[in-house]
Each structure stands twice: as structure tokens, then as C-alpha cells.
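Descriptive structure summary
Below, each chain spelled out in residue letters.
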Amino acid sequence: MEIVRSRLIPASLLRAASTGAFQLKEPLNYRHGSRLQPCAGDGDHRTEQVHEPASGRVICDFICSGRQEIDLAVQSAKEAYTTWSRLSGLERSRVLLEAARLIREQKEDIAIVESINTGKPITESRIDVDTAWQAVEYYAGVAGTLAGQHIQLSGGSFAYTRREPLGVCVGIGAWNYPFQIACWKSAPALACGNAMVFKPSPLTPLTAVMLAEIYSQAGAPKGLFNVVQGSVETGNLLCANKGVAKISFTGSVPTGIKIMEAAAKTVKHLTLELGGKSPLVIFSDCDLENAVRGAMLANFLSQGEVCSNGTRVFVQKDILSQFLEKVVARTKGIKLGDPLHKDTQMGALISKPHLDRVLSYVEQAKVQGATVLCGGDVFVPDDPKLQDGYFMKPCILGDCRDEMTCVAEEIFGPVMSVLPFDTEEEVVQRANNTELGLAAGVFTRDLTRAHRMAAALEVGTCFINNYNVTPIEMPFGGYKMSGFGKENGIAAIEYYTQLKSVYVEMGDPECPF
């Protein structure tokens, strides 16, 4: 078994990295403090290729982890848990604070790899890394405050509660925010005294390994944060492993349902952050410029590949034409290109199959009567090294109706569907007419209406006069088929701990026998 202890990607290589030239030939599993290839036991040992979205090139490959590797990773995490869970919150906090400092120190390196692997602009990746270290720093502060409750009872007896860790948690990440999601899941888990085995998306395997190295550098016990690479079968093995106490998953609704089914067999704790088809409601009394900004934020960050995106944009009829004029002009001005260039505003979609899927939604929308107001087709950059990349011009669809496929289904790409409405009562009913409930947004100057709308919308997060703002202090999670459980904020602590009640008798027990 080859063990590698040097950094996954040397800083000197990253500083010289450019789109279309990056390549990596390193083991991408991380177990018990070292990078290594998965052990050659039974199970899924297919090799997966990883493509650079902006160029279409293969940048690395990895061997999928099988049953034996999963067992070893979970066992390693159990050993670390035994040590880590016995530390005080303050002792755990010191390690997490050092990890946050190291993430800040390596911010540019992580952002470069994130942009190469996801296709998103470097300016966005830098923000993603900032939100990641903020999560680690925030839960470092929380770690020392975890406490139970004292309950005074009659006769001098009393009870108290203990907030205890769960054990080994599994994090399964998505490909749109690989590093951020790894931090959002691991930081509260580790703060509470748990260990974690993390499986990134097979499309974006790189930065989770960088995070594992950082935790080790910060002083975490070996095995506290292990990374296993793989696809569907690897995920199934993690969900079925009896040594796992909890699964936190970010991804699609169908996969979330399968994870629920698998977890039910051993009654595992679950947090599911699934898909969305979120409404953004723009009233005629809004600040129109801000509403246009909000619609752009709700649809075009990370090439539109954001689960909380407000892709159903409801605009009150008397400002519809003004809104469309402004939002179309602004969308046409979005600069597409090399994700590593500082002036690029939109990069490439994650894969060729995904690009084709998003484009097919636009074609179907046209067949069903929608009007393409801008974009909606392939973009081919002038730069030769980008001409095989997965670029698409951001699209706005007008003349949309609620029953259209583009309005009803999550597209997960840069496609905004605009729908007119008349009254508040009408738009609430239409906005809630979906099985999903991740997020919503409201633009209005009437704060009474804004709060009334926030109460009426069946979603886990509602933005008022802004969109897609996710400070680490604020809980994030969905309603309905968008999942359950919360990430971020103090609320996440409840999903990485279990509560034990202790009764203390100070007199003699009363016994009828």
C-alpha cells in the first residue's frame, strides 16, 4: 500500500496552473493521516476519469473505493473518535481554529483547484473558500459552549441532560460547492466530538483531499477526517456500513430517497439537503434595480448550478416589461470564459452530459410555447484551449406557464423562467404548488407584506430583498422533498449530537413491592 505524506498539489505547481494545462497523478483517498490508493479488496474498483469543465480535458483519475476500503476508513475514524470525543470542547476548538487559519493561508491554492475542477469563476471560488473557513472558525467557537440542562425536581432530586456526539458520521458531497460543502458538514460534526468519513462527488474529488490534509496539519487525530473516492456503489457501501451513525447528504431528490431507504435498515441519523425549484417573487413596489440584481444572483451564480436558485421568477404584471428589459440587458452582458481569469463572470457547466441536459430543457421550453429572450445555446470561446469546454450562454425564458417542464422541474443550469402574476394571494398559491421547498425570495418595499410572504411560503429559507446569501450563522435546509435537517448556525448542533437524560435520586426510591 503506497502512503503519501507530501501535499496533494505543491504550491509551486498551483501558482503556475492554467486552464487546459493542469494534470494530477496522485492518490486521492485519504485515510489515517495519509493519501493512498484504496486497498485492493472486493467491491467496486472501476477507474473514474475527472474532466476539466472549461477545456473538456481529463485532469486526473481515481480508483473507486470498495467494501474493504470503506471498512478500513470507518475503523480508522472510530479509532480517532475514541480519542477526539474525550477531549474538552476547548481542546477541539484549538484544532478547528488552526484548521480555519490554514484554510485562509491556502485560500488561493484551494480556489484555483476548485475553479479548475468545477468550472466556476475564480472570483466565486475565493468566496466559497471564505465561507468554508468561516464555518470551521464558527464551530470552533461553538465547540466549547456545548452543554446540557439542569432540571430541579421535588424532594431535592434532580435531572440533567448531556449532549453527546453520535460517533462516525458520513458526509456525501455535491459537485457544485465541493470544498464549502465538505467544511459545512465536517466543522459541526468535529466540533461536537464526532469523526467523519467524507465522499466527494466523483466529478469533483480534489479539494476534499486538501481539506483532509489541512485537518491533519492542524493537529487532528489520524482518521478523524477520512476521504474515500467513488461513485454510486461506494456511496451505497458507506450508507450500509454498521459502524456509521449518521449520514449527511447534499444532492438530488432521487438519490436522497435511496439514502433514506438504506439508512432505515440500521436506523441511522440523517441530514438531507436535496433539490429545489425555488420561487422569487417581485412585487411592483420593489426597488427594480435591486430586484434585477436579486434575479441575477438567484439564477446565474456557479453557472446556475445551485440547489437554492430562484429559477421561477414571478413578476407582478405592471412592471413585467420593465423588469424583462433590464434583466435581459444585464444577462447579455455576462462575460463567459476562462474560469481562472479575474474578469470572467460565468464559467463552464460541470460536464458534457449535464450541458446537454440543460440545453434540452431550453429546447423543450420552446416547443411548449416559451420565448427565449436571450441565450440558451452553446457558447464557444475564442481561446482554442477552451473550445471543447462545456459553456452555455445564460438564458431567460419569457411567456412561461406554471405547467411547463422548465417551470416545474429543477434544471440546474443558467436558465431563468419568468412568469407574470396579479395578486399576492395568487402568487403564494402558485409559488407553493411544488413538491420542493428549499428556498424562496421576495422583493418589495412593504415590509409587512414581506414578512407575511415569508410566513406563507413553504420553504426552509426565505430571502427578503436579496437572494442566495448564506451566512454561516443562519441555518440552511429545506421543507417537503427538499429534505430535512439543518446545516449552519447553532441548529446544526442538534443534528450531530444526541441528548441523554440522567435522573438523580436524592432520597429513597418509592417502591410498591
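Rules used throughout
- Residues numbered from 1 in each chain as written.
- Predicted model: local features only at pLDDT ≥ 70, side-chain atom pairs only at ≥ 80, totals over all residues.
- Heavy atoms only, no water.
- Helix = DSSP H or I, 4+ residues; strand = E, 2+ residues; numbered from the N terminus.
- Rg over C-alpha atoms; globule rule 2.2 N^0.38 Å.
- Buried < 20%, exposed > 50% of the residue type's maximum accessible area, 1.4 Å probe, protein only.
- Contact = heavy atoms within 4.5 Å.
- Areas by Shrake-Rupley, 256 points an atom, 1.4 Å probe, with all protein chains shown as cover.
- Polar contact = N/O pair within 3.5 Å; in protein donor to acceptor, adjacent residues only side chain to side chain.
- Salt bridge = Lys/Arg side-chain N within 4 Å of Asp/Glu carboxyl O.
- Axes fitted to C-alpha atoms, helices over the stretch in contact; angles between N-to-C directions.
- Nonpolar A, V, L, I, M, F, W, Y, C, P; charged D, E, K, R; others polar.
- Core = buried A, V, L, I, M, F, W, Y, C linked by side-chain atoms within 4.5 Å.
- Pairing = 2+ DSSP bridges.

1. Things to note about the overall build of the chain
What the chain contains, in helices and strands, is 15 helices and 23 strands. Relative to the 2.2 N^0.38 estimate, which gives 24 Å for 513 residues, the radius of gyration of the chain is 24 Å and therefore close to what a compact globule would have. If you line up the chain on its principal axes, its C-alpha atoms span 75 × 60 × 40 Å. Across the 513 residues in the chain, those meeting the buried criterion constitute 58%. Considering only contacts within the chain whose residues lie at least 6 apart along the sequence, 74% involve residues at least 24 apart. Per element, the accessible surface of the chain, about 20,500 Å² overall, is 52% carbon and sulfur.

2. Some thoughts on the environment of Arg 92
You can see Arg 92 is positioned in helix α3 (residues 89-105). The class of Arg 92 is buried, set by a relative accessible area of 6%. Each C-alpha atom of the pair Arg 92 and Gly 193 lies 7.7 Å from the other, and the pair is 101 residues apart in sequence. Setting aside chain neighbours within four positions, we find Arg 92 in contact with Trp 84, Ser 85, Leu 87, Ala 143, Leu 146, Leu 190, Ala 191, Cys 192 and Gly 193. A polar contact of 3.0 Å, which involves the side chain of Arg 92, links it to the backbone oxygen of Ala 191.

3. Some details on the pattern of salt bridges
What the rule picks out here adds up to 27 salt bridges. A salt bridge links Lys 500 to Glu 164, with the shortest nitrogen-to-oxygen separation between them at 3.3 Å. One end of the pair, Lys 500, is in strand β23 (residues 497-504); the other, Glu 164, is in strand β7 (residues 158-165), with 336 residues separating them in the sequence. Residues Lys 317 and Asp 422 are paired through a salt bridge, measuring 3.3 Å at the closest nitrogen-oxygen approach. Here Lys 317, found in the loop between β14 (312-316) and α11 (320-332), pairs with Asp 422, found in the loop between β17 (415-421) and α14 (424-431); they are 105 residues apart in sequence, far enough to count as distant. The network of salt bridges with shared partners includes Asp 285, Glu 424, Arg 449 and Arg 452.

4. Details of the side chain of Ser 55
Positionally, Ser 55 belongs in the loop between β4 (47-51) and β5 (58-63). A polar contact of 3.2 Å, which involves the side chain of Ser 55, links it to the backbone nitrogen of Arg 57. Sequence-distant contacts of Ser 55, defined by excluding residues within four places in its chain, comprise Gly 20, Lys 385, Asp 388 and Gly 389.

5. A word on the packing of helix α4 (residues 107-118) against helix α6 (residues 178-191)
The geometry of α4 relative to α6 is characterised by a closest axis approach of 9 Å and an angle of 115 degrees between their N-to-C directions. Contacts between α4 and α6 pair Ile 110, Glu 114 and Thr 118 from the former with Pro 178, Phe 179 and Gln 180 from the latter. The residue inventory of the contact of α4 with α6, partitioned by class, reads three nonpolar, two polar and one charged.

6. Focus on the nonpolar core
Judged by nonpolar contacts, the single largest core of 96 residues is most densely connected at Ile 103, Val 136, Tyr 139, Val 197, Tyr 215 and Ile 247. The element that contributes the greatest number of residues to this core is helix α5 (residues 122-143), accounting for eleven residues. If we skip the residues at most four places from it in the chain, Ile 247 touches Val 170, Ile 172, Cys 239, Ile 259, Ala 263, Lys 268, His 269, Leu 270 and Thr 271. Core analysis: the next-biggest nonpolar cluster, separate from the first, contains 31 residues, Val 358, Leu 419, Val 427 and Met 453 among them.

7. Concerning the sheet that holds β23
The sheet built from three strands is open, its strands ordered β6-β7-β23 with antiparallel pairing. In the strand order of this sheet, the two ends are held by β6 (150-152) and β23, each with one partner. The average undirected angle you get between the axes of adjacent strands in this sheet is 20 degrees. Inspection of the sheet shows β6 paired to β7 by three bridges, in the antiparallel sense. Residue Gln 152 lies in a different strand from β7, and its bridge partner there is Phe 158.

8. Overview of the sheet that holds strand β15 (residues 371-374)
Spatially, β15-β16-β17-β14-β13-β19-β20 is the arrangement adopted by the seven strands of the open sheet, whose pairing is mixed. Edge strands, defined here as strands with exactly one partner in the open sheet, are β15 and β20 (461-464). For this sheet, the mean inter-axis angle between neighbouring strands, taken without regard to orientation, is 25 degrees. Bridging between strand β19 (residues 439-443) and β20 involves four bridges; their strand directions are parallel. By the bridge assignment, Ala 440 is partnered in β20 with Cys 462. Along the sheet, helix α15 (residues 447-456) contacts β13 (279-282), β19 and β20; its crossing angle with β20, the most-contacted strand, is approximately 165 degrees.

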